[in-house]
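Below are the chains, spelled out letter by letter.
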Number of protein chains: 2
Amino acid sequence: MPESNPRRGSAALIVALTVLLTVPAVSRAQSLADQYRGPANRLIDAAMADTTAYSRLADMTDSFGNRLSGSPNLEHAIDWILARMKADGLANVHGEPVMVPHWVRGEESAELVQPRAYQLHMLGLGGSVATPPQGITAPVLVVKSFDDLAAHADQAKGKIVIFDSPFPTDVPPMEGYRINVAYRGGAASAAAAVGAVAALIRSVTPHSQQTPHTGSLRYAPGVPKIPSAALSVEDVEMIHRMQDRGNPIVLTLRMQAHTEPDAPSRNIVAELRGSEKPDEVVVLGGHIDSWDVGEGAMDDGGGSFAAWEAVRLMQALGLKPRRTVRVVMWVNEENGGRGGRAYHDAHLAELPRHVAAMESDNGVFRPDGFRFQGSDSALVIAKQIGALLARIGASNVVAGDPEADVEATIHTGVPGFALNVDDSRYFWFHHTAADMMTVIDPDDFRRCIATMAVMAYVLADMPDPLPRVTVGR
Amino acid sequence: MPESNPRRGSAALIVALTVLLTVPAVSRAQSLADQYRGPANRLIDAAMADTTAYSRLADMTDSFGNRLSGSPNLEHAIDWILARMKADGLANVHGEPVMVPHWVRGEESAELVQPRAYQLHMLGLGGSVATPPQGITAPVLVVKSFDDLAAHADQAKGKIVIFDSPFPTDVPPMEGYRINVAYRGGAASAAAAVGAVAALIRSVTPHSQQTPHTGSLRYAPGVPKIPSAALSVEDVEMIHRMQDRGNPIVLTLRMQAHTEPDAPSRNIVAELRGSEKPDEVVVLGGHIDSWDVGEGAMDDGGGSFAAWEAVRLMQALGLKPRRTVRVVMWVNEENGGRGGRAYHDAHLAELPRHVAAMESDNGVFRPDGFRFQGSDSALVIAKQIGALLARIGASNVVAGDPEADVEATIHTGVPGFALNVDDSRYFWFHHTAADMMTVIDPDDFRRCIATMAVMAYVLADMPDPLPRVTVGR
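Model, not experiment: these values are computed from the prediction.

Q: A description of the overall build of chain A should follow, citing residues and the corresponding values.
A: The secondary structure content of chain A amounts to 12 helices and 16 strands. For chain A, whose C-alpha radius of gyration is 23 Å, the value lies close to the compact-globule estimate of 23 Å for 473 residues. For chain A, the spread of C-alpha atoms along the principal axes amounts to about 70 × 45 × 40 Å. Across the 473 residues of chain A, 59% fall into the buried class. Contacts in chain A between residues far apart in sequence, at least 24 positions, make up 83% of those at least 6 positions apart.

Q: How would you summarise the domain arrangement of chain A if you had to cite specific residues and measurements?
A: All names here are of chain A. The domain architecture assigned to chain A consists of domain 1 (10–103 + 261–461) and domain 2 (106–256). Placing a centre on the C-alpha atoms of domain 1 and another on those of domain 2 gives a separation of 35 Å. Facing the 14 residues of domain 1 at the interface are 15 residues of domain 2. Here the residues of the side of domain 1 that touches domain 2 sort into 7 nonpolar, 5 polar and 2 charged.

Q: Lay out the interface of chain A and chain B with the relevant residues and their values.
A: With 26 residues of chain A at the interface, the matching set in chain B holds 26 residues. Elements supplying a minimum of two residues to the side of chain A that touches chain B: helix H2 (52–64), helix H6 (233–244) and helix H11 (426–429) of chain A. If you tally residues by element for the side of chain A that touches chain B, the top one is H6 of chain A, at 6 residues. A class-by-class count of the residues in the side of chain A that touches chain B yields 11 nonpolar, 8 polar and 7 charged.

Q: Let's hear about the sheet that holds strand E13 (residues 354–359) of chain B: which residues, and what values?
A: Residues and elements named next belong to chain B. Within the open sheet, the 8 strands sit side by side as E1-E10-E12-E11-E13-E16-E14-E15. Their pairing is mixed. The open sheet has two free edges, formed respectively by strand E1 (91–104) and strand E15 (396–399), since each of these has just one partner strand. Taking the axes of each pair of neighbouring strands and ignoring which way they run, one obtains an average angle of 25° across the sheet. Both E1 and strand E10 (residues 258–272) contribute to a ladder of 11 bridges, which runs antiparallel.

Q: Outline the nonpolar core, listing residues and values.
A: Formed by 298 residues in total, the largest nonpolar core has its most connected members in Met452, Ala453 and Ala456 of chain A together with Met452, Ala453 and Ala456 of chain B. For Met452 of chain B, the contacting residues outside a window of four places in its chain are Leu284, Ala306, Ala307, Ala310, Met358, Ser360 and Leu419 of chain B.

Q: Describe the packing of H2 of chain A against helix H7 (residues 297–316) of chain A, listing the residues and the values that go with them.
A: Residues and elements named next belong to chain A. Following both chains from N to C, one finds H2 and H7 inclined at 140°, their axes separated by 10 Å at the closest point. In this view, H2 runs oblique relative to H7, as classed from their interaxial angle. The handedness of the crossing between H2 and H7 is right-handed. Facing H2, whose interface residues are Thr52, Ala53, Arg56, Leu57, Met60 and Thr61, H7 presents Ala297, Gly301, Gly302, Phe305, Ala306 and Glu309.

Q: Could you give me a rundown of helix H2 (residues 52–64) of chain B, with the residues and numbers involved?
A: Counted at 1.5 Å a residue, the expected span for H2 of chain B with its 13 residues is 18 Å, and the 18 Å between its end C-alpha atoms agrees. Here H2 of chain B has its buried residues at Ala53, Tyr54, Leu57, Ala58, Met60, Thr61, Asp62 and Phe64 of chain B. Summarising the contacts, the buried residues of H2 of chain B are in contact with H6 of chain A together with helix H3 (72–87), helix H7 (297–316) and helix H12 (442–461) of chain B. Downstream of H2 of chain B by one or two residues, Gly65 of chain B has phi in the positive range, about 70°.

Q: Let's hear about the environment of His207 of chain A: which residues, and what values?
A: Residue and element names in this part refer to chain A. Structurally, the position occupied by His207 is in the loop between strand E7 (198–202) and strand E8 (228–231). You can call His207 partly exposed: it has 18 C-beta atoms within 10 Å. His207 sits 50 residues away from Lys157 along the chain, and the two C-alpha atoms are 32 Å apart.

Q: Residue-level account of the pairing of strand E7 (residues 198–202) of chain B, with values.
A: Residue and element names in this part refer to chain B. The buried count for E7 comes to 5 of 5 residues, which makes it a mostly enclosed element. Going residue by residue along E7, you find Ala198, Leu200 and Arg202 tucked away on one face and Ala199 and Ile201 tucked away on the opposite face as well. Direction of pairing for strand E6 (residues 160–163) relative to E7: parallel, over a ladder of 4 bridges. Each bridged residue has a counterpart across the sheet, and for Phe163 the counterpart in E7 is Ile201.

Q: Go over the confidence of the model for chain A, please, and point to the residues and values.
A: Residues and elements named next belong to chain A. The predicted model of chain A averages 94 in pLDDT, with 93% of residues at 70 or higher. Taken as a whole, residues 1–26 scores under 50 in pLDDT and shows 43 contacts with residues more than four places along the chain or in a different chain. Predicted complex metrics record ipTM = 0.93 and pTM = 0.93.

Q: Run through helix H8 (residues 338–346) of chain A, naming residues and quoting values.
A: Along an α-helix, a turn takes 3.6 residues, which lines up residues three or four apart on a common side. Buried residues of H8 of chain A: Arg338, Gly339, Gly340, Ala342, Tyr343 and His344 of chain A, and no others. Along its buried surface, H8 of chain A packs onto strand E1 (91–104), strand E10 (258–272), strand E11 (277–287), strand E12 (323–330) and helix H10 (407–410) of chain A.

Q: Describe the environment of His240 of chain B, listing the residues and the values that go with them.
A: Residue and element names in this part refer to chain B. Tracing the backbone shows His240 in helix H6 (residues 233–244). Given 18 C-beta atoms within a 10 Å radius, His240 is considered partly exposed. Separated by 99 residues in the primary sequence, His240 and Leu141 have C-alpha atoms spaced 8.8 Å apart. Setting aside anything within four residues of it in sequence, one finds His240 in contact with Val142 and Asp164.

Q: Hey, could you go over the relation of the copies chain A and chain B for me, with residue numbers and the actual values?
A: Mapping between the two copies of the chain is achieved by a rotation about an axis and a shift along the axis. Expressed as a screw transformation, the operator carrying chain A onto chain B has a rotation angle of 180° and an axial translation of 0.0 Å, and the superposed copies differ by an RMSD of 0.0 Å. Each copy turns onto its partner about a two-fold axis. In terms of proximity to the rotation axis, the leading residue of chain A is Gln209 of chain A, whose C-alpha is 3.2 Å off the axis. The overlap is high: 100% of the interface residues of chain A also sit at the interface in chain B, so the same surface is used on both sides.

Analysis parameters
- In this convention, every chain numbers its residues from 1, walking through the sequence in written order.
- Note on labels: chains are lettered from A, ligands numbered from 1, in written order.
- Totals for whole chains, interfaces and linings use all residues, but because this is a predicted model, local features are given only for residues with pLDDT of at least 70 and pairs of side-chain atoms are given and counted only at 80 or more.
- Under the scheme used here, helices are H or I runs from DSSP no shorter than 4 residues and strands are E runs no shorter than 2 residues, and both carry numbers assigned from the N terminus.
- Only C-alpha atoms enter the radius of gyration; for comparison, a globular chain is expected to reach 2.2 Å times N to the power 0.38, where N is the number of residues.
- Buried, partly exposed and exposed are defined by the number of other C-beta atoms within 10 Å of a residue's own C-beta, namely 20 or more, between the two limits, and 12 or fewer respectively, with C-beta atoms placed from the backbone.
- A residue pair is marked as a contact if its C-beta atoms, positioned from the backbone, fall within 7 Å.
- Residue ranges for the domains originate in an automatic or database domain assignment.
- Each residue gets one label: Ala, Val, Leu, Ile, Met, Phe, Trp, Tyr, Cys and Pro are nonpolar, Asp, Glu, Lys and Arg are charged, and the others, such as Gly, are polar.
- For two strands to be treated as a pair, DSSP must find no fewer than two bridges joining them.
- An axis is simply a line fitted to the C-alpha atoms; with a helix, the fit covers only the stretch in contact. Between two such axes, the angle follows the N-to-C directions and lies from 0 to 180 degrees.
- Note on terminology: a nonpolar core is any set of buried Ala, Val, Leu, Ile, Met, Phe, Trp, Tyr and Cys residues joined through C-beta atoms within 7 Å.
- Here the angle decides the label: under 35 degrees means roughly parallel, over 145 means roughly antiparallel, 65 to 115 means roughly perpendicular, and every other value means oblique.
- Handedness of each helix crossing follows the sense of rotation of the near helix against the far helix: counterclockwise by less than a right angle gives left-handed, clockwise gives right-handed.
- The span you would expect from a helix comes to 1.5 Å times its residue count less one.
- Confidence of the predictor at the level of single residues is captured by pLDDT, which takes values from 0 to 100.
- Least-squares superposition aligns the copies on the C-alpha atoms of those residues with pLDDT at or above 70 in both.

What follows is the structure in structure tokens.
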């Protein structure tokens, strides 16, 4: 899922790139559900009986494990997928070159030295620099927030600062994440700015079983780069209590993390070519890279394989949409966003003929429908298509943010779809060693495949393309 | 919580040790609620405003960490508690000697070697023997059950056998545990009996975040002792899928576990002496030992500190029950049960004057009431006392199993109470590194204190003692 998302509304600045429809959107859309009930039900039936996607996702994740940008695992997984897409008979199967950041975790540990010896549950944050080989041993200052750090700035010099900012649970999980992740991104530079020697955060999650969560940090320009890692919720709360009791706290942090030169990688592309308008494209996918812990089954093996299976099922059922349906597995969503940007750049000339861009990157939990970014008139039509998904409870299309890999594409005026799922447990596993196939419920996964397949197929086949952003909006 | 529990019904064999009451139980009990509403409400009010117990539990667990039998941590924690009980002004504060098993985990690891290198999430099982120093590297056989092992017995020789038996989720958690824990106890000897070189189990839990769960194993007589450990659910499922795919699987297990000579430890005892019948005793408590991972905050720091606080609040409120209320923190519940047995043995002569034995060992989650083991007439009275707890939702007293430390005592005819709580998440954390203060909800903890306090106080003060097991039952 996205490291950060610009808010909706930037689309309002975009001049419409396509001609406005002359047929009123609603009446035209109302007929879509009737027109496409047959193929939609065939896709749903096929998806709900599907075992290929789950089996392939398990095989890929078990065989290659996690897939951080720059790792051999990632390239082996990409080769494996490309070979199977070709075997499926999909068209134009290829990798598109992307240079990706290459951060390497190395050995790492964090140990409480005082008031008692205790091995902490930690994961270095992506992009962090290393400690010296002997580690950093320093007294600890626990703060509750950036404001609390500012209030205790005079106590931070030479310390390891720990930010104990809990994940907000009084808002939806995604909103809680967006608030809380500010600490993952900004802790290191905020602490360094007041003289700290390392920065640790409370893992970004509403639930923990001693589970540290990694993810990218951002070093601010002009501030010393200090090592930064996440601790488990339990361990941060314990250290915070120790500070409240007046215990002197000393901790040793050891990290070998380093960044190597950018490495060559690839976006994965495969197509079902359009029968009438092959140059018009519905693109759908997820990201194939993951963090370097767990299997990356949820984030985002599931989303990318759901998109692949959606297209494979269309082909297997003999459905031949008018426009091209293109599955893309973007690379480097997690720590750079280079894949999404590279797709935008490489396909810039054809983006005016992209009729929709869809991504699943909140896990393949029970789907509810889509978040849609685009014009109001297009949203009306998208809702009408969504009605075809009522039988599996996924008909709810609402205005909302896109996923990270299609942001650049959507900002050119392409209507954007993000698969909406029950994300109540997403952040329990996000960027952790527990992002394994066990998280994936096969039935929910099938529903995600069906939801993406029906929406993508109708978008690719309906007589007129979905309107882009309305003029003057 | 108990390693194993004999079923109810053994009580039916016990001859009643006290004279039957001449006043009908129901009419007498109906007056109890009215008679004790005042002190019950004072106890509930005090418990619901309490901060001492949480603060002490956090201080003890953070300061000493986990407390396995034989460890210095345990003895330091016992000393710390005894000192505070004396400072509280409780009577007869002392430790009662118990010799406990002394198992030491040592360094341990499990690594997948084929089909790919992968560090498994493991915890050795309590009581396991070590591997040779270089570890055991062997091919793997995954089985679903003891029956499945029997069906593949000819393939087990020289293998590391992994039992992938899921925690049943179609029954209440405690029942699921009792079914599933058979693998923790019996995997090693079942596998050794067919020539396996080590036995691994799927952790005994309905939910995992790469969380291995330890706990005791039992070596069967006459069968070679082989090393045994638990893997996380996710890792076992992955290896099982690899076997289903026909991948050759090789694993290296390294364990330094060993058992040292029995070590001296103590049951903790403190009292509020009875004002009229000090020789009659209501005993309540939890166990002070824990596994050697996490802090043992849930299992069973919470239960033992709730009992302590219940008695401290009676004293602080100036309540002087007719009979003695005795808090006991039993030792070695987890890997031997020596504390519960030692209490029974040391107090055998006074057990006929024990009017009730109560333990909390399912975590201090939201309490519902009690499981009661005893005569039907006593259950009727216990339900009447329970009615005093309706305002905090803990009035439900039902027939059910006692906890392990009071089993021997209850089997002499003493009525038994087990605090009943919402155990829906208990096994998520049970015997893991995640058994930390974070699991403890302060409000739920207060309700547990109130529930134990009210029941124990009324049992200790009501005019006639609770009837023991009825003659002829």
